[in-house]
Amino acid sequence: MFGNDKRTWFESKVVCNTKNAYLAKVETPRENDWIIQQLFALNKGLHWMGGNTLRKVGEWKWESTNEKIGYTFFHPTEPNSPTSERCLCYFTDDKNAFYWGDFQCSAKLSYICERDN
Ligand SMILES: [Ca+2]
């Protein structure tokens, strides 16, 4: 589910949780590719996903399970602000391709919720 209203990372997490879902946990290239296809079809803005480094600077974990993030799709210049940008999002670079980046958790972005079948 793609939320197009703009919310902080925490607000986005709460919205997902109220839908019996969680902020997207992207674990494989296939899942990442699928989400990126949807983002192209929707709007190209920034979207929150479920990772953060809130427990420890530089240590990326999925919020929903507290697992360390294995597979990643960071832009070559990201993550670029380990102490101030501690939440994970999709963004588009100047070539209009999607990548992962770190971003300030208090920023208001669209978001992606995921629910187990
Ligand atoms: Ca960043």
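Residues numbered from 1 in each chain as written. Predicted model: local features only at pLDDT ≥ 70, side-chain atom pairs only at ≥ 80, totals over all residues. Heavy atoms only, no water.

Draft legend 1. The arrangement of the coordination of the calcium ion in detail. Around the calcium ion, the donor atoms from the protein are Glu-78 (OE), Glu-78 (OE), Asn-80 (OD1), Glu-85 (OE), Asp-102 (O) and Asp-102 (OD), and they sit 2.1 to 3.0 Å away. For the calcium ion, the 6 donor atoms are set out with angles of 46 to 155 degrees between them, so the coordination reads as irregular. Taken in sequence order, the residues that donate to the calcium ion follow the motif E-x1-N-x4-E-x16-D. Its relative accessible area of 15% is what places Glu-78 among the buried residues. (Donors = N, O, S within 2.8 Å, 3.2 Å for Na, K, Ca; no water. Tetrahedral: all angles 85-135°; square planar, octahedral: opposite > 155°, others 65-115°. Buried < 20%, exposed > 50% of the residue type's maximum accessible area, 1.4 Å probe, protein only.)

Draft legend 2. Quick peek at the pattern of salt bridges. Enumeration over the complete set of coordinates arrives at 6 salt bridges. Put simply, Glu-63 and Lys-13 hold a salt bridge, and the shortest N to O gap is 3.0 Å. Of this pair, Glu-63 sits in the loop between β4 (61-62) and β5 (87-92) while Lys-13 sits in helix α1 (residues 9-18), and the two are 50 residues apart along the sequence. Under the relative-accessibility criterion, Glu-63 is labelled partly exposed at 28%. Note that Glu-59 and Lys-68 form a salt bridge whose closest N and O atoms lie 3.8 Å from each other. (Salt bridge = Lys/Arg side-chain N within 4 Å of Asp/Glu carboxyl O. Helix = DSSP H or I, 4+ residues; strand = E, 2+ residues; numbered from the N terminus.)

Worth remembering: the numbers are spatial, not functional.
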